[in-house]
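Here is what each chain is made of, one letter per residue.
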Amino acid sequence: MKKINMFLAFFSIAFAGFGCFDDSSANSKLVDAVKKVKQGNWQEAEQIAIQLSEENPAAVSPVILQILSFENSGQMDKAVDLARQCAKSNPQDFAALYTLGRLYSKDEKRYGEAYSVLENAIILRPGDINTLILLCNLGVVNNESTAGKYLDQLVLKSKLSNADTGRAYYLRGIYLDRSEKKEEAYRSMMKAWDYSIKDNPELLFQIAAFVEKTGHRDVEAGLLYKRFVQYYEKTAGYDPGKTALARTRSKRLLNSR
């Protein structure tokens, strides 16, 4: 599943801020700041954001802009500190919570904190795809007990690409397997396979490895490895080492029966 980068975060949140000021000139400045970001001119965008924050201390969007500017320049400590202050001052603002949770998710030592913050964010904007993606990734990695409900929501999102849907079903399969729901996990993995064939062939190797790990589907796993090679070799810059490994596993599994 694609990572949520700061530009995606910016355009999903900052655009929502249009019209948030009573002063039309302030809204115009925010629009201008967004244009500066699209042009890659973060320094000017940050200056506009600082001015807007001074003129409108309660506004969240200018603060989000400053946070993202810090992140863009690699000043992560400043970005996190400002995001934490923003979330503390605006505990009922989705953008503030999402931004803090997303930044926390970049630090594996803060995965638990990120998950907690994002769970609060999703309450404020139920079904938000970007938040669900982060919750599902973090939930599976951190083995969170509530991850299942977010995975169930994510796989039903029609706006996801095939690659992202495949990744969501794959994560769901891992979660179900850990929950000892083996058959459901297997079915989820097969859905992941169907969605990933054309758009994310690299994931096919991991799905084949999962099926092999079940211990009682050797022939099927062998055939999946074989099909993985067929699809993967058609992708640009494929890894010959991975295809060699897949061929070796396929041959061993198919000859074992």
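This text follows the structure it describes.
Residues numbered from 1 in each chain as written. Predicted model: local features only at pLDDT ≥ 70, side-chain atom pairs only at ≥ 80, totals over all residues. Heavy atoms only, no water.

**What about helix α4 (residues 61-72)?**
Line of reasoning, step 1. Taking 1.5 Å of rise per residue, 12 residues should cover 16 Å, and α4 covers 16 Å from first to last C-alpha, within 8% of that figure.
Line of reasoning, step 2. Most of α4 sits out of view: 11 of its 12 residues are buried.
Line of reasoning, step 3. All of the buried residues in α4 are Ser61, Pro62, Val63, Ile64, Leu65, Gln66, Ile67, Leu68, Ser69, Phe70 and Glu71.
Line of reasoning, step 4. In the segment just after α4, Gly74 is the residue with positive phi, at about 85 degrees. (Helix = DSSP H or I, 4+ residues; strand = E, 2+ residues; numbered from the N terminus. Expected span 1.5 Å × (residues − 1). Buried < 20%, exposed > 50% of the residue type's maximum accessible area, 1.4 Å probe, protein only.)

**Things to note about the nonpolar core**
Line of reasoning, step 1. Formed by 78 residues in total, the largest nonpolar core has its most connected members in Ile67 and Ile207.
Line of reasoning, step 2. In terms of residues, this core owes the most to one element, helix α6 (residues 94-104), which gives 8 residues.
Line of reasoning, step 3. If sequence neighbours within four positions are ignored, Ile67 has contacts with Ala79, Leu82, Ala83, Cys86, Thr99 and Leu103. (Core = buried A, V, L, I, M, F, W, Y, C linked by side-chain atoms within 4.5 Å. Contact = heavy atoms within 4.5 Å.)

**Observations concerning the environment of Leu176**
Line of reasoning, step 1. Assignment of secondary structure puts Leu176 in helix α10 (residues 162-178).
Line of reasoning, step 2. Each C-alpha atom, one on Leu176 and one on Val140, is 9.9 Å from the other, the two residues being 36 residues apart in sequence.
Line of reasoning, step 3. Beyond its immediate sequence surroundings of up to four residues, Leu176 is in contact with Lys181, Glu184, Ala185 and Ser188.

**Description of the environment of Arg102**
Line of reasoning, step 1. As for its position among the elements, Arg102 is in helix α6.
Line of reasoning, step 2. Each C-alpha atom, one on Arg102 and one on Leu135, is 9.7 Å from the other, the two residues being 33 residues apart in sequence.

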